Amino acid sequence: MSNLLRNLLTFLLLAFASAASAQTETMRHNLETAFRALNHTSREEAQAELQQHNLYLHQIDGLWGAGTERALLAALFMLNEVGTDVSIETEADAQYFLELIIAGSARGFIFGEADEPVESIGLPSWLANYLSFDAQIADWRYATYQIKVASAANYYTGLIQSDAQVQHLIQSGQLQIIAERIAPCMDEMIEFGVQTGQKHASDPIYPDFSQVCAALVLQ
C-alpha cells in the first residue's frame, strides 16, 4: 500500500505542475476533446460517478474545468496502477476511458468493489478522498470534514521521506489519528488568515499550513 500511496502523491505533484510535457498536453487535449464530445447528460453522469467516490469535489454541471480534469486524471492513474491498459494517448482511447467511467465499469478496479476473481486494489475510504497538492484555500473551505482529514493525511505523508515510516503510520492507524488532529488546526489557521486579510482564497494550502500544523500538534 505504501508504494501505491507514494505513487499517488507523486502523481498529484507531477500532474498539476505548471510546466507539462508536450505528450501530457496532448493527452489532456484528447481527454478534454472526448469529454466535450459527450452529450450533456453523459458529461453529468461522468462527474456524478467521480463525485460518488470523492474524486470530483464540485457541482455537477456537465462542464469541462480544472476539477473535472483533475478527477479524471486521478481515476486514470489509479486504473493504470492496478494493471489495466487504459490510456488517453488518442482521442479514441480517451473516449473509451470515459465510457468506462460513465458505465461504472472502472470503480471495481479503482476502489476494490469488483466481483472479479482477481484481486482488486482499493484505497481506504478516508484516504481515497483528497484535495490535491495544488489546492487553494477556497477548495479547502468548500470541502467536507472527511475530505479535509484525508487531505491532511496526504499532505502529512508528503512531508515524510521514508516509505517505511509511511507504511508504519498506515498499518498502525496513527496516520488517521494525526490527520484528525492536523485538519482542525489547518481549519483554524486558514479561517484566521482569511478573516484578518493575511490570506486569500486563491492562496495555496500546501505545504505551509500542513507543515506548521504538523509541528504544532506533534510537539
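The sections below set out a description of the structure shown in this document. None of these values were measured; they are calculated from a predicted model. In every chain, residue numbers begin from 1 and rise along the written sequence. Given that this is a predicted model, residues contribute local features only at a pLDDT of at least 70 and side-chain atom pairs are listed and counted only at 80 or more, while totals for whole chains, interfaces and linings are drawn from all residues. Computation of side-chain values covers all heavy atoms of the structure but excludes hydrogens and water.

1. So, the overall build of the protein
Under the DSSP-based scheme used, a helix requires at least four consecutive residues in state H or I and a strand at least two consecutive residues in state E, with every element numbered from the N terminus. Helix and strand content of the protein: 12 helices and 0 strands. Order of helices (α) and strands (β) in the protein, N terminus to C terminus: α-α-α-α-α-α-α-α-α-α-α-α. Burial classes: relative accessible area under 20% of the type maximum marks a residue as buried, over 50% as exposed, and values in between as partly exposed (1.4 Å probe, protein chains only). For the protein, with 219 residues in total, the buried portion stands at 45%. For the protein, contacts bridging at least 24 residues in sequence account for 63% of all contacts bridging at least 6. Accessible surface is estimated by sampling points in the Shrake-Rupley manner with a 1.4 Å probe; for residues, cover comes only from the protein chains shown. Accessible surface computed for the protein: about 10900 Å², of which carbon and sulfur atoms make up 50%. We call two residues in contact when some of their heavy atoms are within 4.5 Å.

2. What about the side chain of Asp 139?
If you trace the backbone, Asp 139 turns up in helix H8 (residues 137-142). Positive charges come from Lys and Arg alone, negative charges from Asp and Glu alone, with His and the N- and C-terminal ends not counted. Salt bridges are defined as contacts in which a side-chain nitrogen from Lys or Arg sits within 4 Å of a carboxyl oxygen from Asp or Glu. Salt bridges are absent for the buried Asp 139, whose nearest opposite-charge side chain, Arg 70, sits at 4.8 Å. By the criterion applied in these results, polar contacts are pairs of N or O atoms within 3.5 Å in which, for protein atoms, one can donate a hydrogen and the other can accept it, and in which residues neighboring in sequence qualify only through two side-chain atoms. A polar atom in the side chain of Asp 139 sits 2.9 Å from the backbone nitrogen of Gln 136. Contacts of Asp 139, omitting those with residues within four sequence positions, involve His 58 and Leu 131.

3. Concerning the pattern of salt bridges
Using the criterion set out here, one finds 6 salt bridges in the structure. We note a salt bridge from Glu 69 to Arg 28, for which the minimum N-O separation is 3.6 Å. Taken as a pair, Glu 69 in helix H4 (residues 66-81) and Arg 28 in helix H2 (residues 22-37) lie far apart in primary sequence, 41 residues in all. Put simply, Lys 148 and Asp 187 hold a salt bridge, and the shortest N to O gap is 3.1 Å. Here the residue Lys 148 occupies a position in helix H9 (residues 145-158), and Asp 187 occupies one in helix H11 (residues 174-195), the gap between them amounting to 39 residues.

4. Points about the packing of H9 against H11
Axis angles are defined between N-to-C directions and span 0 to 180 degrees, where every axis is a line fitted to C-alpha atoms and, for a helix, only to the segment in contact. Across the interface, H9 lies against H11 with an axial gap of 8 Å and an inter-helix angle of 110°. As the angle between them shows, H9 and H11 are arranged roughly perpendicular. Residues Tyr 145, Lys 148, Val 149, Ala 152, Ala 153, Tyr 155, Tyr 156 and Thr 157 of H9 form the contact with H11, whose own contacting residues are Leu 175, Ile 178, Ala 179, Glu 180, Ile 182, Ala 183, Met 186 and Asp 187. Residues are grouped as follows: nonpolar covers Ala, Val, Leu, Ile, Met, Phe, Trp, Tyr, Cys and Pro; charged covers Asp, Glu, Lys and Arg; every other residue, Gly included, is treated as polar. For the contact of H9 with H11, the residue count by class is 12 nonpolar, 1 polar and 3 charged. Throughout this description, any angle smaller than 35 degrees is read as roughly parallel, any larger than 145 degrees as roughly antiparallel, any in the 65 to 115 degree range as roughly perpendicular, and the remainder as oblique.

Function cannot be inferred from these measures alone, as they are strictly geometric.
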